[in-house]
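Next come the chains, spelled out residue by residue.
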Amino acid sequence: MISAKHITLLTDGIFPFSIGGMQKHSYHLAKEWARQQVSVTVIHPHKITKNKRNRAFSHEELQYLDFQFVEFPSSPKFPGHYLYNSFRYAKNIYLHLKGIPCERIYAQGFTAWYFLKKNPFDKRIITNLHGLEMYQWSVNSKNKLEHKLLRIASDFIIKNSFRQISLGGKLTSILNEQGAKPSSVIEIPNAIDAEWIQKNDIDFPSNGKRNFVFVGRYELRKGIELINQVINKFLNSGFEFSFSFIGDIPKEKQIQTTDKSVDITYLGSISEPKKIREILIQSDVLVCPSFSEGMPTVILEAMACRCAIIATDVGAVSELVGAENGILISPGNIAEFELAFKKILSISEEELSQFQTSSFEKIQQNFLWSSVARKTLQAFEVK
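These numbers come from a predicted model, not from an experiment. (Residues numbered from 1 in each chain as written. Predicted model: local features only at pLDDT ≥ 70, side-chain atom pairs only at ≥ 80, totals over all residues. Heavy atoms only, no water.)

Asker: Whenever I open this one, a positive patch on the surface confuses me. Can you help?
Answerer: A grouping of K91, K98, K117 and K118 is seen on the molecular surface, where their side chains present a positively charged patch. Assignment of secondary structure puts K91 in helix α4 (residues 81-97). Its relative accessible area of 34% is what places K91 among the partly exposed residues. (Patch = residues over 30% accessible without salt bridge, like charges linked within 9 Å, V, L, I, M, F, W, Y side chains within 5 Å. Areas by Shrake-Rupley, 256 points an atom, 1.4 Å probe, with all protein chains shown as cover. Salt bridge = Lys/Arg side-chain N within 4 Å of Asp/Glu carboxyl O. Lys, Arg positive; Asp, Glu negative; His and termini not counted. Charge placed at Lys NZ, Arg CZ, Asp CG, Glu CD. Helix = DSSP H or I, 4+ residues; strand = E, 2+ residues; numbered from the N terminus. Buried < 20%, exposed > 50% of the residue type's maximum accessible area, 1.4 Å probe, protein only.)

Next comes the structure, spelled out in structure tokens:
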């Protein structure tokens, strides 16, 4: 029995007014809780017009949603400026809500930082630090410094949370290793909207090749340099395949080839979910060789579109990808990546189809927002 009738959702951004995995998570939680007739006060840093809210949420959902603006401070850039402003934002939220009864608080990222400073182990609060990338692989010295700074906030929140969410996989171990209170960690995965698994009514002609796709921005952490190495390895190898990149890949990082058996396409940044879904439906395999991740939404979306997956065993990726629907590789291991790529190129259509069907079924059974939002409500009842 779930007794929660009102939740205060603290977020440093909410989709579609802000782009990112945590922002999408906030959007879907608010949306699903409203559908389940739970009132939600959304604390956010956006000045959202009524028309914009009406486009993002249905009339029925808005009956249960109250959006309250709290300013996210800005400052000149300096090492640690984001952390400094995140603390100030957390303090602004605390002051905004001071004196207002909050039955239950769900805090994304660093938003509960000041609450926990004033009242450690506040039993009303569930925190979610999501991907915990600051405790994972650093790709260079600058990234290592960024991680070190972000751990200041993360360490404090982990050690002072009465309840906190892990997306699963290696992330639970990270929380425990960083001093999480015994029994404070509750595993609840990321999820996807049911619209992604609706029956596909788009009939795309086959190009006769094995179709790979990457979705993401260009940064070292996402492993695009590794993808380029693997593609170059298989040029003029006799294998026929296509590879599409969704995201802003710099011109100098794009592969040019005269190999007629290989098609490489750079589609640029695409924000429209329907268009991304169409591309994923046409693809056979999503490639996600990141050095660090939480539980990537793009893998969930690709699985819902019946893609097999090649991904690195980081964060909670192992909760999504296994031998039944793809191949897990070690981060930064180019030899494993090449073997995985060759295996996907070499297996039969029947074997590939089994991977793809397993991906789809796994999403249906475990990773839909309707059930994940309900599990999150139940987490408030854990004693």
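The rest of the description comes next.
Asker: Would you take a moment to explain the sheet that holds strand β12 (residues 308-312) for this structure?
Answerer: As summarised here, the arrangement of the six strands in space is β10-β9-β8-β11-β12-β13, forming an open sheet in which the pairing is parallel. Of all strands in the sheet, those bounded by a partner on one side alone are β10 (262-268) and β13 (326-329). Each adjacent strand pair in this sheet contributes to an overall mean axis angle of 15°, direction not counted. Direction of pairing for strand β8 (residues 210-215) relative to strand β9 (residues 241-246): parallel, over a ladder of six bridges. Within β9, the residue paired with N211 across the bridge is S242. Of the strands in this sheet, β8, β9, β10 and β11 (285-288) touch helix α8 (residues 224-234), which is tilted by about 160° from β9. Strand contacts of helix α11 (residues 334-346): β8, β9, β11, β12 and β13, with the helix running at about 170° to β13, the strand carrying the most contacts. (Pairing = 2+ DSSP bridges. Axes fitted to C-alpha atoms, helices over the stretch in contact; angles between N-to-C directions. Contact = heavy atoms within 4.5 Å.)

Asker: Could you clarify how one ought to interpret unusual backbone geometry in this entry?
Answerer: Residues other than glycine predominantly adopt negative phi, and peptide bonds predominantly adopt the trans conformation. In this chain, F15 is followed by P16 through a cis amide linkage whose omega measures 5°. By the element assignment, P16 lies in the loop between β1 (6-10) and α1 (21-35). Of note in this structure, H130 is not a glycine but carries a positive phi near 60°. Mapped onto the secondary structure, H130 falls in the loop between β5 (125-128) and α6 (141-160). Classification of H130 by relative accessible area gives buried; the value is 11%. Of note in the backbone geometry, S183 takes a positive phi value of approximately 70° without being a glycine. With respect to the secondary-structure elements, S183 resides in the loop between α7 (170-177) and β7 (185-187). Here S183 falls in the exposed class, since its relative accessible area comes to 74%.

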